[in-house]
Structures are given as structure tokens and as C-alpha cells.
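Spelled out from the first residue to the last, the chains are:
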Amino acid sequence: MMMLQDGSTQLICLTASSGVPLFTRGASKQLPFSVIGSLNGVHMFGGGQGVVLSCCETEGGGKVVWRVFQDSVMLIAVSGGGHGGAGTSKEEEFRLQRLLENVWNCMVLVLGQDELANMRNVERLKRDLRSCFRLIDQLLEERQEGILGNLTHCADSLLPPNSSVLQEAVDGFAQAADSEFCCLIVHGRIAAATEKWWRLAPQEVVLLSVLMRSLSASGSASCDYPVFLPHGSPTVAHRLLRFQLLPGADVCVLCGPTPSLHRAESGLVGRFWSPLLETLRDCLAVGERCLPASLSLRPDVLALLLINRETRRSVSCVRTSTTHLLGNPTLTSKARYWELLKLFYIFSTTRYFSQEETLCVFPEERSQRSNTEDFVLGFSHQPLQCYLVTEECKSYGLQTAQHQLFLLIPPSVPTFALRTVATQTLSDIVAATGF
């Protein structure tokens, strides 16, 4: 497995019954067909002996993870190791398992479960799967800073200054389009959505946001795209209508046969959104901070991820401007901040904090999610706080009944003060935004 470069990940899709390759994505240098055949063969051999092979580690520090979906499709993720300092083997396994779940649900989103579960023509399926490649590549790259939903399975959100005005427009636009499912996405994050949109399965909300970012990147001003909902409607397609309101701001609606794309674009978009152009610009100005400008965070907060456990929404931001102020020259890369935030989230959720059952779309995932670190099972209580000290920063995690907060804090801040920083930050955000 050392043929993969450090930090690279390759995804392999095969038919579960015969091991026929359907596609391979990721990694500039792909694994030879003989290696792919061996990976499939060892999994099939284990299955024949009554053993489910789900994960293994290579001598070079790489990782291989297998998953079979609907007894039809096998997905294999191969990591070259050294994934940005990904830490322990368990953390890398967590990342790869999330990747396989997301890729399968992405395939269902685009093609529907029937076509994947009942393969009638493998060559035709190979051609159809090409329509998923853009989304799959986006999941593999994980390069968009500030977008953590692929990992957390919580909707990346932005808290706009005029939320009530935008909420009213979203609700009215959905009703005019004969739908109950509508959302406004700004800089790749959800700024407002209807109540029914939030009732979709968390993975569906996340993947629809991934799809919206992909469609927005294509440069088209509007589109009519068929989608299947992996949990709510895996066999019957809905129409996703998307419209660009301003560069960086898009609105979408899930609907049935009506209205037509032309009618919605010509008769509804201008009616509901033209009066709100200045409000949308104010929303765009929030940018990657995700929080209103009126909210002042402590200067010793370098980066944060806040999850609302009830709504499965999250906000996150990185504050590189504080680095020089606090005399910490070691953290100069914005991308590194985001990487450290992801790693601390994985560290906390694989060791201490509970992973929500509501995340699971498939029953077999629930049993896998319960396999937390062994020593946690010996605790008589649920850990509520944790921290980690490294040369680059100090990290602190805080869990309440409603929230999970993950912070990056400069090494210069005393360890005994981390709890105060976290509790005050959580209190300030909730008080100012009601998140």
C-alpha cells in the first residue's frame, strides 16, 4: 500500500457479488488491478469464513476500509497514511468510514437505490456512475475550508444578521413553488431553510448542500436536477430547482412536476428575492466567519466548531488575524487551522463524546457507531469536557445536552483557563444568536 502517497486516499467501487470494478477515484497514482483484486479477494474469503472484514492497517501506516451496501456494491477506501497528521489508526478509520457512507449516499442521491441494488447491466451502470464523479471527487478532496458537514454529518450553517427577513422569503418562495422544502445557501452554508428542510435526515441535508456547491461551481445561473433522498425517498426522484441570486448566494427548492424551471425563474425568483438584494449582500458580508459581526468573540479563540445536537446544525470559523496579536507564529496557515479543528473533532468523538444515533441512515451503521473506544465503556458517566495540548495549540471540547463546542486556543493560554474560555464562548454565541 506504500504505492499511495502520504495523505492521499483512493476510493474503489466494485460489485459485491463478483468483484467487477465499477470505478476508481482519488490519488494521482492508482493502485494496480492486481492489488484491487487482492483487496476484494481477502474480503470475500473472510465472508466465506463467517468473518466481516471492515478495516486493516498496512505496514507503512496506511489504512484500508471495506463496506458493502445493500448486498450489491462494495466500496473500499485506501489511505496512504500521514493524512495531515491524522493521529491514531482509529481516527483515520473514522474518517474513511464517513467517506464511504457519504459516497454511497451520494450515489443513491444521483442514481437512486433501485439502480444500484438491482444491477441489470453492469456496463450501463458504469456509464451512469460518471454523473456522480464530480460529487465524489469533492468528497475526496475535502479542500473547501470551513465546510465540515462531510465529517460531522451536521449542516454547515451561516447565521445572517437579518435572519427573520430571509426566513420569511424562504417560506414564501417554497409555498409559491408548491413545496415545503427550500433553503438559501450562502458561501456553501445554509443561511435559512424551511422547517421541513431541517426535518430531512442529517446526511440528506449535508449531501444536498454538497450538490448545491457543485452545481454553483459549474457556473450555471439555474438548473433543474433530479435527486433521490437516500433516507426519505431512495426510489422516487424529486426535482431540485436551483437559482443563483448573487455570486455566492443560491436558493433551491425540492418539488414535484410543477412549477417548470422557466416559470419559477421568471415569475418567482424576482418576486421574492429582488427586494432583498441588500439583505443578501449583508449576508454575503458575513463570509467565512459564519457569525454576525455584532458578536465579539474572545481574542484567545483561534478557531471554533459549534454543533447544535438537536437541530444537527453547525457553525465554524477560523480567526487567523489573532495569530500575530497573540505572538504565536507557529500557526500561519489557515488550512492548517481547519485541519487541526477536524482532527480534534475526530479525537473527541471517537474517545469521549457521544455520536448521535440520528446520523445513521442504515441499521448496520448503528451497531458500528456503538463501537467507541474500549475504555469509555468502563465509565459510569458520559464525559462532558476534554482537552488536548500540542506544540501548535491547545484544544478544548465541551458537551452539553444541546451543544458540542470544539475550540482551538493558543499555547500561551494557561491550561486551567481553557474551561472558562469554552464556557464563556458558548454562552456568548447562544445569547447573541439563539443557535
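As the structure is a prediction and not an experimental result, all values here were calculated from the model.

Participant: Break down the sheet that holds strand β4 (residues 63-69) for me, citing the residues and quoting the values.
Facilitator: The strand order across the open sheet built from five strands is β2-β1-β5-β4-β3, with neighbouring strands paired in antiparallel fashion. Taken across any chain shown, the strands that pair with only one partner, and hence form the sheet edges, are β2 (21-25) and β3 (55-57). Taken over all neighbouring pairs, the strand axes of this sheet differ in orientation by 15 degrees on average, direction set aside. Here β3 pairs with β4 via three bridges, running antiparallel.

Participant: Describe the state of the cysteines, with residues and values.
Facilitator: Using the criterion set out here, one finds zero disulfides in the structure. Sulfur of Cys 182: no disulfide; nearest cysteine sulfur belongs to Cys 252 and is 6.3 Å away.

Participant: An account of the nonpolar core is requested, with residue identities and associated values reported.
Facilitator: Formed by 50 residues in total, the largest nonpolar core has its most connected members in Phe 23, Leu 75, Met 107, Leu 129, Ile 136 and Trp 197. Apart from residues no more than four positions distant in its own chain, Met 107 is found in contact with Cys 13, Phe 23, Val 73, Leu 75, Gly 112, Leu 116, Leu 129, Cys 132 and Ile 136. Core analysis: the second largest hydrophobic core is formed by 31 residues, Leu 166, Leu 241, Ala 264 and Val 269 among them.

Participant: Just give me the short version of the pattern of salt bridges, but keep the residues and values in it.
Facilitator: Scanning all chains against the criterion turns up 13 salt bridges. Two residues, Asp 300 and Arg 298, come together in a salt bridge whose shortest N-O distance is 2.8 Å. Since its relative accessible area comes to 21%, Arg 298 is described here as partly exposed.

Participant: So what's going on with the packing of helix α5 (residues 133-141) against helix α9 (residues 202-217)? Residues and values would help.
Facilitator: Two numbers describe how α5 lies on α9: the axes approach to 10 Å, and their chain directions differ by 110 degrees. Judged on the interaxial angle alone, α9 and α5 are roughly perpendicular. Contacts between α5 and α9 pair Arg 134, Leu 135, Gln 138 and Leu 139 from the former with Val 210, Leu 211, Arg 213 and Ser 214 from the latter. In terms of residue class, the contact of α5 with α9 is built from four nonpolar, two polar and two charged.

Participant: Provide a residue-level description of the packing of aromatic side chains, including the pertinent values.
Facilitator: Here the structure, examined in full by the defined rule, presents eleven aromatic pairs. Taking the centre distance of 6.1 Å and the plane angle of 20 degrees together, the rings of Phe 344 and Phe 347 count as stacked. Residue Phe 344 and its partner Phe 347 are both found in helix α13 (residues 334-351); the two are separated by three residues, about one turn of the helix. Residue Phe 344 shares its accessibility class with Phe 347, and that shared class is buried. Ring pairs connect the aromatic residues Phe 94, Phe 344, Tyr 345, Phe 347, Tyr 352, Phe 353 and Phe 406, which therefore count as one cluster. Against the face of Phe 133 rests Arg 25, its NZ or CZ located 4.2 Å from the ring centre.

Rules of the game
Residues numbered from 1 in each chain as written. Predicted model: local features only at pLDDT ≥ 70, side-chain atom pairs only at ≥ 80, totals over all residues. Heavy atoms only, no water. Pairing = 2+ DSSP bridges. Helix = DSSP H or I, 4+ residues; strand = E, 2+ residues; numbered from the N terminus. Axes fitted to C-alpha atoms, helices over the stretch in contact; angles between N-to-C directions. Disulfide = S-S within 2.5 Å. Core = buried A, V, L, I, M, F, W, Y, C linked by side-chain atoms within 4.5 Å. Buried < 20%, exposed > 50% of the residue type's maximum accessible area, 1.4 Å probe, protein only. Contact = heavy atoms within 4.5 Å. Salt bridge = Lys/Arg side-chain N within 4 Å of Asp/Glu carboxyl O. Parallel < 35°, antiparallel > 145°, perpendicular 65-115°, else oblique. Nonpolar A, V, L, I, M, F, W, Y, C, P; charged D, E, K, R; others polar. Phe/Tyr/Trp six-rings, centres within 6.5 Å; stacked < 30°, edge-to-face > 60°. Lys NZ or Arg CZ within 6 Å of the ring centre and 35° of its normal.

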